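Survey of secondary and tertiary structure
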Amino acid sequence: MKRAKLLISAVLIMALILSSTVAAFADPAQKSMGTLKFGTFSDPICLVPFMSTDSASTDVWDLVFDGMLEYGSDLSLQPLVAESLPTISADGLTYTFKLKKGVLWHDGKELTSADVKYSYELIIDPAVNSPRKADFIKIKSIEAPDKYTVIFKLSDVDGVLINKFTSSYIVPKHIFEKEDKTKLKQSELARKPIGNGPFMFKEWKSLERVELVRFDKYFDGKPGFNNYVFDYNPSQSTAMVKSEKGEINRVFVPESDVARMSKISSLNVNKYVGNVFDCVLWNTKTPFFSDKRVRQAMTYAINKQAIVSGIYKGNGKVASGSFIPALPFYNKAAKNYNYDLVMAKKLLDEAGWKVGKDGIREKNGQKFKITMITNKGNIMREKMLVYVQTALKQVGVSVEPKILEWNTFLTKYVYVGKFDGYVGGFQTGLTADHRAFYHSDRTLGALNYGSYSNKEVDKLMEQVLKTADINKQRELAYKIQEIVAEEQPMTFIIYRTQAYAYNKSVKNVKSADLVGWYNIPQSWAE
């Protein structure tokens, strides 16, 4: 049954298995099949799986589509659409998958090797411009010698490729081949997907709701809900109020509200360590943040511990980079930046930004006045933006905050680099592959919105893929973190502790650190 899909190295999986337990699931077929109504605040952008990177879109399409592999509750790598784990050649250059028979698309047609071949060829096709292309850049060719066999041939070893097959990127060839592959984000399929997962798409009313319905012919058994509804609200606060009133039965709980929501008798609050960090990302193409000394100064000027303790109420840990501390790739020896206004001012002086008569720094006649953005409705980010505005004022930097609607925030500002800095966050993969955040080639650095560029970092990240040896990957990851810590393309604020509240009518919800809610199809609502 479909569970969380994570990017975890095979060696790490085995290590985590030793400290994990497998939950026993009740049979949802013997329970009432109610509706799961998830109150959230960000409308999706695109429901073609390999064409979007935002969490609001992923939350939806990951229930509509299934991938080749998945991770079980014990984090062991398991087949999903594939019949078994792939056979990998001795030289690591050929992956052979056998597919399960009888896996159906939601229109009733059978999923075959032709669909898999077509899907991954789309992802790696430059004309498609998929933000997921970097994950499969080593694939040289794909063969489908029979209806249920797919062979991937690589140009070079890719030490994390097998993990990428856990993502739900398989799409129906007979439907997609009718579309212009260069305009998939603008196609009808971006709003009305036909998948192979446990839930079928029903409707999407922008800024209001997305409704999915149970796919009774799902190959891995009926899901535990008749309907899965995404209920969109102006803010997290509004969604939580609905949860308290019983109008919805699942909601994300910001760290600032965990204690309060945990006291509500009608709710169960599930907490877990997330593979998520929040940060302030700097646009290195602007005259303000092209100098690493300025970026370092910003980090010194922001009291990260105060943010974690005050805004996040201690639900998380101070962050120093994009690698999560629970993983073997985390380098605790990388440079850290304790709150230090004296050092912040010193660095700004050295970078040529001198305090003017009005208290605002200036250089070559330009005032240090910046625009900083975040997305509307996210309580934690809105509060952090206000804090950062105050913090930077103390070192002579004027911040104009802009709080923007989610789609506008991403498409009109973040994606096109129209910002000086932004308060945001990222969910990371759990491997040593962090090209998405830092690679200077934007086809590989899909999340490198600040246009950070360092050739040595590029080279180190590419070397990560050339080995499946976790010790060698760790050594490379350590070096990457040391350079990034020195250059501060982001001010890393917090490794977040995630929390969701469920109405007590929702049964058998299982959550785990780094996984979250991993048994959605086996849960049910009364």
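A few points on the structure. Just so it is clear, the structure is predicted and the values come from calculations on it, not from any experiment.

1. Regarding the overall build of the protein
On a plain count of helices and strands, the protein comes out with 15 helices and 24 strands. In summary, the protein has a C-alpha radius of gyration of 23 Å against a globular reference of 24 Å for 526 residues, a match within 12%. Its C-alpha atoms give the protein principal-axis dimensions of roughly 75 × 55 × 45 Å. When contacts within the protein are restricted to residue pairs at least 6 apart in sequence, those whose partners lie at least 24 apart make up 71%.

2. Observations concerning the sheet that holds strand 4 (residues 87-88)
Pairing within the open sheet is antiparallel, and its four strands lie in the order 4-5-7-6. Bordering the open sheet on either side are strand 4 and strand 6 (139-146), each of which pairs with just one other strand. As judged from the two bridges shared by strand 4 and strand 5 (residues 94-98), these two strands associate in the antiparallel manner. The partner of Ile88 across the bridge, within strand 5, is Tyr95. Strand contacts of helix 3 (residues 113-124): strand 6 and strand 7 (149-154), with the helix running at about 165 degrees to strand 6, the strand carrying the most contacts.

3. Here we look at unusual backbone geometry
Most of the time, phi is negative for any residue but glycine, and the peptide bond is trans. Backbone geometry places Ser451, a non-glycine residue, at a positive phi of 60 degrees. Backbone geometry at Asn508 places phi at a positive 65 degrees, although glycine is not the residue there. Looking at the secondary structure, you find Asn508 in the loop between strand 21 (506-507) and strand 22 (511-512). By relative accessible area, which is 18% here, Asn508 ends up buried.

4. Details of the environment of Ala259
Position of Ala259 relative to the elements: it lies in helix 7 (residues 258-262). With 74 residues separating them along the chain, Ala259 and Ala333 place their C-alpha atoms 33 Å apart.

5. Looking at the side chain of Ser113
In this fold, Ser113 is placed in helix 3. On the accessibility criterion, Ser113 (3% relative accessible area) is buried. If sequence neighbours within four positions are ignored, Ser113 has contacts with Leu99, Ala144, Asp146, Lys147, Tyr148, Thr149 and Val150.

6. Some points on the pairing of strand 10 (residues 227-232)
Extensive coverage of strand 10 is indicated by the burial of six of its six residues. In strand 10, alternate side chains face the same way, and those of Asn227, Val229 and Asp231 on one face and Tyr228, Phe230 and Tyr232 on the other are all buried. When strand 1 (residues 35-40) meets strand 10, the two strands line up parallel, connected through six bridges. Among the inter-strand pairings, Gly39 is bridged to a residue of strand 10, identified as Asp231. One ladder, built from five bridges, connects strand 9 (residues 209-214) with strand 10; its direction is antiparallel. When the sheet's bridge partners are listed, Glu211 is paired in strand 10 with Val229.

7. Section: the nonpolar core
Membership of the largest hydrophobic core comes to 66 residues, with the highest contact counts inside it found for Phe50, Tyr120, Phe152, Leu212 and Tyr228. Once residues lying within four places of it in the same chain are set aside, the contact partners of Leu212 are Val60, Leu63, Val64, Phe199, Met200, Phe201, Lys202, Asn226, Asn227, Tyr228 and Phe230. Core analysis: the next-biggest nonpolar cluster, separate from the first, contains 46 residues, Phe289, Ile307, Val308 and Ala351 among them.

Rules used throughout
Residues numbered from 1 in each chain as written. Predicted model: local features only at pLDDT ≥ 70, side-chain atom pairs only at ≥ 80, totals over all residues. Heavy atoms only, no water. Helix = DSSP H or I, 4+ residues; strand = E, 2+ residues; numbered from the N terminus. Rg over C-alpha atoms; globule rule 2.2 N^0.38 Å. Contact = heavy atoms within 4.5 Å. Pairing = 2+ DSSP bridges. Axes fitted to C-alpha atoms, helices over the stretch in contact; angles between N-to-C directions. Buried < 20%, exposed > 50% of the residue type's maximum accessible area, 1.4 Å probe, protein only. Core = buried A, V, L, I, M, F, W, Y, C linked by side-chain atoms within 4.5 Å.

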